[in-house]
Structures are given as structure tokens and as C-alpha cells.
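In case you want the letters, here they are:
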Amino acid sequence: MKRPGFPLLVTVFATLLAVALLAWLLVAGGKGERRLVTVGLYENAPKIYTAGNGRPAGLFVELLDAMARLEGWKLRYVRCAWADCLKQVERGELDLMPDVAFSVERTQHYDFHRISVTSQWSQVYCAPRLKVLSLADLAGKRVAILEGGIQKPLFDNLMASENLRYRPILVSTFDQGFAAVMAGEADAVATNSLFAAYNGRKYKLLETPIIFRPSNLYFATGKGRNADLLRRIDAHLADWRIDADSIYFEALHRAMAASPEMLVPHWMMWSLLGLGGSLLLLGSLSLLLRRQVGQRTRALETITRELESQRADLEHLAHYDVLTDLPNRALFFGHVEQGFAEAKRNASRLALIFIDLDRFKPINDRFGHAVGDRVLQQAARRMSECIRASDTVGRIGGDEFVVLLRDISCAEDAARVAEKIRAALSQPMSVDELELSLSASLGIAVYPEHGEDEGEIAKNADRAMYYAKDRGGNQVKVFDPAMPPACPLGA
Ligand SMILES: Nc1nc2c(ncn2[C@@H]2O[C@H](COP(=O)(O)OP(=O)(O)OP(=O)(O)O)[C@@H](O)[C@H]2O)c(=O)[nH]1
């Protein structure tokens, strides 16, 4: 194959160079054709203002910046006072003026797009020392009002309609108007609702009920100029206002972030603060007091519970035997007394069984007192297991026990129970490693056969018990008057 010659290479290279040059020119030229849009920038936060970093900010700026990015506009913000800005727009020295309220008079000098950016109303704020409830209260007063602003003609008309006159103090920003009232150079200021909502915290002025015409806000251009800008602005607003996630609503929320402030007189604020502080103090004291009372109450409840439990323990100690937990002599004979009263009332029978362990002392002596204690406890348990719930067993001495049997039919009933007890006690007892044998002597006396009252019955049961013991123990004896007298009870 024949290799391309030198002229051909030069031609290809020159062609590529020409194409690259053309592309660059097109791009560079395109850049150069970006539409420059000059915009009036004045101070009216939160709609349009200069931020702390010196850059334009606010609702109108955010929206215009977003449109410029989409449209390829190059924006140049020009700082000017409101009235001056408007004049420059009218003369065509500025392309756009943001934040202009629509009015028929203004259409003679300006063009507006059709979809409003937002709305506001106008309102008068006054110095805290003034009381302004109606337009008449502003008669003869100095009212700061924005030069060239929508409020001026509207407020003039409002006052004129009620034959009132006021002294307008023309200012070039709303900030100046508020500052003039603060400095005592004006009595009140007419402003827009958005500015007041955003800046109210800064200036402690009073909101008055004088609210006048709501107005829609737009970008404006000089008459007959920049119709293409207005068309594009409308197109974007139309898109954004139907999309809740659009930049339009984001910017609107940011602008409205400062909540409208309720401006209240200083004395009222301090009074409320004082009242709040006092209530807080009282609340804290009451809480503290309640806590202390609560603590004391809980402590007292604990002490009361402890005392109650100690009282119950003492009560128990007073009536029950510590070792066996059986009723002691006092409680037992209390039951006996009740039993006799019932028996006499109902003409029924009852019996007392006196029980004395046989040869208990040697157990103590041989195996020690602790073993003796365990034997007494087991004996008490066995006796309790042999009687009905309505009967009572008590410990009335070292190894002496008594059983009260209520409502029996005859002496044989008592003898059967006594025999049961005897048999239970004579069963071998395991204490620790030991297996012990025990026996008991039991004596029975029955009311009314063996005595008139509890003293006599007890004495005779004891006599029968001794009789059983004398016969070698481990047996039950029913009282018989022929039995010899016993040692006195408990002796
Ligand atoms: N381990 C122990 N022994 C006690 C208790 N109370 C009394 N005793 C003892 O029980 C014994 C009772 O005496 P007695 O009735 O004469 O002794 P006994 O060997 O049973 O004599 P008889 O009844 O005649 O068979 C005494 O040694 C007392 O010290 C107690 O609570 N625990």
C-alpha cells in the first residue's frame, strides 16, 4: 500500500485545527452571549437584603439565582435605595427590580409578570409609649414611611378618607423607619407584614391594629423592556408553585423561618417574667416540701411497720411458748375459761388432759439441754397432730402439757384422744443422730362429771396424771374420786 504523502498530512492537520478552532469559538462565543441581567438590590429582609457575608440574600434573590442557573443568565446586583432603584429600572439602567407591589399607577412606568412571587399586607407599628387603636390616634403624628414605597399612596388615601393629616417622615429603608421610631424621630412606621415578622424582634415596637391593603409582589422591569425576562420568570414560577419540593417553597420557608413576633410592652414582659419566676420558685418550693414530706412519711411508715411487728412479736411472746410455739399457761387457761363458759351455756361436756413426759430429766442430763429442747419440740408437734382444730394443746411447765377438748360426748372420747397422744409420744424420736424413746403419763378429768369449774377439773386431771405416773407411766388414767390427791399444779 502507498503511504500518504506530505501534502495530504498537512491538509488533514489543518482541517482538524480548523474544526477545533471553530468549536472553541462556538463555546467561547456562547459564553460571551450569556444574558447579563442587572438587578436592583435594596434592604427589605427577608425578601431581599445584603447578608452578613456581604452577598445578596432573601426570597427574591434565591428565586432569581435559581432561574439564572437554569436560563444561563449572568446576574449583577446593584445596590441602591428603594426609590432610586425604581427610577433606575424605569430608565432602563437596571433590568429587573425585585419585590415590587403591583399597582395600577405603577403599570404606567413598569411591566410586571403575571404570577406573583408572594403577598403581604401593610401595617403600622408604633413607639411603646403610644397607644394607637385607630387611624385617628395617628392624626398629627410623625409616621416613617418608605420613599416610593406602596405604603405611601395607600396610607395617604387612608388618612385622607377620614380627613386626617399626618407628618410623613420619608425613609429609604424600613430599617431606617423602625430606627427613627426607636430614636424618637418618628412616632410610628408603616411597613410590610413580612419585614415586621422578620425584624420585629430587633425593634421593640408595638404592633397596631392598623392594617391596610394586601398586595401581590413581583419582579418589575422598565415599561416595554425585558419582556423575555418576565416571560421566563412566569414560566419558572408556574412550574415551581405546583411542586411542593421546588426551590420556590424551600426559599419561601427559609424566608418565613423567623416567626411573627408578638410585641408587648416592656412592663408587661417584665411582669410576666416576674410572675413566671415566682410561680417557678413556688413550684420548686412546693416540690421540695412535698419531697421532704414524702420522705418523712415513708420513714414514719417504716417505723410504724417495725413497731407494729415488734408489738406483734411481744404479743406472741406474751401468749406463746418460745420453744414449742404452743399457747403458754396464761393463754391456755384463757381458752379453758372460754370453753367452760360455752360448756355451761350449752350444757355440753369438755375434758382436760394433763400430760407429763416420763423420765425426761435423764435425756437432758445424758444428751444435753439442746437435745432435750428438740425432744420437747417434737413432742409438742405430735400432740398437736392428735387433736381437732377446735381443741387446744398448751405447754404449762418444763415437760408438762395440757389438752383442752371441747364439746365431747363422754369421758371415753377424751380417753381415745389421750390414748392417741400417748401412742404418738411413745414412737421413737430421731434427734440428730440419736434415736430416743419417750413416754408420757396422761390424766383426764371431764366436766361436769369430775368437777364444777375449771379449777376443780384441772386439779383432778392433774391427780389422774400423777396416778398414771405412779403406776409406772406411759398410760392414760381417767379421774376417779378414789385416786389419791396429787401435788399442786406446777409445783
Ligand atoms: N431441755 C429442756 N429441759 C427442760 C425445760 N424445762 C424444764 N426442763 C427440764 O425438765 C425436767 C423436768 O423435771 P421432772 O419432771 O422432774 O423430770 P422427769 O425426769 O420427767 O421426772 P418424771 O416426770 O418423774 O418422770 C427438769 O430436768 C428440767 O430442768 C426446757 O425448756 N428444755
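Residues numbered from 1 in each chain as written. Predicted model: local features only at pLDDT ≥ 70, side-chain atom pairs only at ≥ 80, totals over all residues. Heavy atoms only, no water.

Draft legend 1. Quick look at the overall build of the protein. When helices and strands are counted, the protein shows 14 helices and 18 strands. Here the protein holds 491 residues, and the buried ones make up 43% of them. Within the protein, contacts between residues at least 6 apart in sequence are counted, and of these 72% link residues at least 24 apart. Here the protein displays about 27000 Å² of accessible surface, and carbon together with sulfur accounts for 57% of that area. (Helix = DSSP H or I, 4+ residues; strand = E, 2+ residues; numbered from the N terminus. Buried < 20%, exposed > 50% of the residue type's maximum accessible area, 1.4 Å probe, protein only. Contact = heavy atoms within 4.5 Å. Areas by Shrake-Rupley, 256 points an atom, 1.4 Å probe, with all protein chains shown as cover.)

Draft legend 2. Local environment of the site of the ligand. Around the ligand, the structure places 17 residues, and the nearest of them are R359, K361, N364, D373 and D399. D356 is positioned such that a nitrogen or oxygen atom in its side chain is 3.0 Å from an oxygen atom of the ligand. The separation between an oxygen atom of the ligand and a polar side-chain atom of D399 is 2.9 Å. About the coverage of the ligand: the protein hides 65% of its 650 Å² of free accessible area. Only β12 (349–357), α11 (361–367) and α12 (369–385) provide two or more residues apiece to the shell around the ligand. Across the shell around the ligand, the residue classes break down as five nonpolar, four polar and eight charged. (Near = heavy atom within 4 Å. Polar contact = N/O pair within 3.5 Å; in protein donor to acceptor, adjacent residues only side chain to side chain. Nonpolar A, V, L, I, M, F, W, Y, C, P; charged D, E, K, R; others polar.)

Draft legend 3. Main features of helix α10 (residues 329–346). If you check α10, its first and last C-alpha atoms are 25 Å apart, about what 18 residues at 1.5 Å a residue would give, namely 26 Å. Taken together, the buried positions of α10 are L331, F332, V336, G339, F340 and A343. (Expected span 1.5 Å × (residues − 1).)

Draft legend 4. How the structure looks around the pattern of salt bridges. By the definition in use, this model includes 23 salt bridges. Each of the salt bridges in this network shares a partner with another, and the network as a whole consists of E62, E250 and R254. (Salt bridge = Lys/Arg side-chain N within 4 Å of Asp/Glu carboxyl O.)

Draft legend 5. Looking closely at the packing of aromatic side chains. Across all of its chains, the model carries 15 aromatic pairs by this definition. Ring centres of Y42 and W82 lie 4.6 Å apart, and the angle between their planes is 45 degrees; on these two criteria the pair is classed as tilted. Separated by 40 residues along the polypeptide, Y42 in the loop between β1 (35–41) and β2 (49–50) and W82 in helix α3 (residues 82–91) bring together distant segments of the chain. Exposure remark for W82: the relative accessible area of 2% places this residue in the buried category. Members of the aromatic cluster, each reached through a chain of ring pairs, are Y125, F174, F178, F195 and Y203. One residue, R471, lies across the ring of Y467, its end atom 4.0 Å from the ring centre. (Phe/Tyr/Trp six-rings, centres within 6.5 Å; stacked < 30°, edge-to-face > 60°. Lys NZ or Arg CZ within 6 Å of the ring centre and 35° of its normal.)

Draft legend 6. Inspection of helix α2 (residues 59–71) at higher detail. Over its 13 residues, α2 extends 18 Å from the first C-alpha to the last, a length consistent with the 18 Å expected when each residue adds 1.5 Å. Turning to α2, its buried residues are L59, F60, V61, L63, L64, A66, M67 and A68. Positioned one or two residues after α2, G72 has a phi angle of 75 degrees, which is positive.

Draft legend 7. Molecular detail of unusual backbone geometry. That bond from A45 to P46 is cis: its omega, 10 degrees, falls within 30 degrees of zero. Mapped onto the secondary structure, P46 falls in the loop between β1 and β2. Y447 connects to P448 through a cis peptide bond whose omega is 10 degrees. Along the chain, P448 turns up in the loop between β17 (440–447) and α14 (454–470). With phi around 50 degrees, D407 is a residue other than glycine that occupies positive phi space. One can find D407 in strand β14 (residues 400–408). Relative accessible area serves as the criterion here: at 57%, D407 is assigned to the exposed category. Notably, N474 is not glycine yet its phi reads approximately 55 degrees, a positive angle. Mapped onto the elements of the fold, N474 is located in the loop between α14 and β18 (476–478).

Draft legend 8. How the structure looks around a nonpolar patch on the surface. Where nonpolar side chains cluster on the molecular surface, the patch consists of L272, L275, L279, L281, L282, L285 and L288 and spans about 730 Å² of accessible area. Among the structural elements, L275 can be located in helix α9 (residues 266–319). (Patch = residues over 30% accessible without salt bridge, like charges linked within 9 Å, V, L, I, M, F, W, Y side chains within 5 Å.)

Draft legend 9. Spatial organisation of the pairing of β17. With eight of its eight residues buried, β17 lies for the most part within the structure. Residue alternation in β17 divides its side chains into two sets, A440, L442, I444 and V446 and S441, G443, A445 and Y447, and both sets are buried. Sheet topology note: the β12/β17 ladder contains eight bridges and is antiparallel. Each residue of the ladder has a partner; that of A351, found in β17, is V446. Remark: the β17/α14/β18 crossover connection has left-handed handedness. (Pairing = 2+ DSSP bridges. Right-handed = clockwise from strand over helix to strand, strands pointing away.)

Draft legend 10. Focus on the environment of G40. Within the secondary structure, G40 sits in strand β1. Separated by 41 residues in sequence, G40 and A81 have C-alpha atoms that sit 8.8 Å apart. In this view, G40 contacts I48, V78, C80, C85, L94, L96, M97 and P98; residues no more than four positions away in its chain are not counted.

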